[in-house]
Amino acid sequence: QVQLEESGGGLVQAGGSLRLSCAASGSILSLIGWYRQTPGKQRELVAGITSGGTTNYADSVKGRFTISRDNAKNTMYLEMNSLKPEDTAVYYCSGLERITLRLMWGQGTQVTVSS
């Protein structure tokens, strides 16, 4: 059974920084990205990382957020700098289950940026 657990969310002032972590356990093939969601809106991709380490970012976070992954620890990170109130959302990490390649999600961690 795959479990993804996010941590590191919280309340921060605009311009501040947070570092999110996602720890995976179970039959996980790869951690692949961070998404976020606000009430009434669809979940959107914030940052992705391929098996080879290539990264991609939503235009709204380019230059401010950095995704990374430690394969040995089955952990993925999202370094968020120069945070803006519009970054406020629940952030989810995602990964692929090894056998079925089903996309798995963590429970989410709240990030709130005050102005």
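Presented here is a report on the structure given in the accompanying data block. (Residues numbered from 1 in each chain as written. Predicted model: local features only at pLDDT ≥ 70, side-chain atom pairs only at ≥ 80, totals over all residues. Heavy atoms only, no water.)

### Re the pattern of salt bridges
The final tally for this structure, using the stated rule, is 5 salt bridges. Residue Lys62 is joined to Asp59 by a salt bridge in which the shortest nitrogen-to-oxygen separation is 3.1 Å. For the pair Lys62 and Asp59, one class covers both residues: exposed. With its nearest N and O atoms 2.8 Å apart, the salt bridge here joins Asp87 to Arg64. Here the residue Asp87 occupies a position in the loop between strand S8 (75-80) and strand S9 (89-97), and Arg64 occupies one in the loop between strand S6 (55-57) and strand S7 (65-70), the gap between them amounting to 23 residues. Judged on exposure class, the residue Asp87 and its partner Arg64 are both buried. Connected via shared salt-bridge partners are Arg36, Glu44, Arg64 and Asp87. (Salt bridge = Lys/Arg side-chain N within 4 Å of Asp/Glu carboxyl O. Buried < 20%, exposed > 50% of the residue type's maximum accessible area, 1.4 Å probe, protein only. Helix = DSSP H or I, 4+ residues; strand = E, 2+ residues; numbered from the N terminus.)

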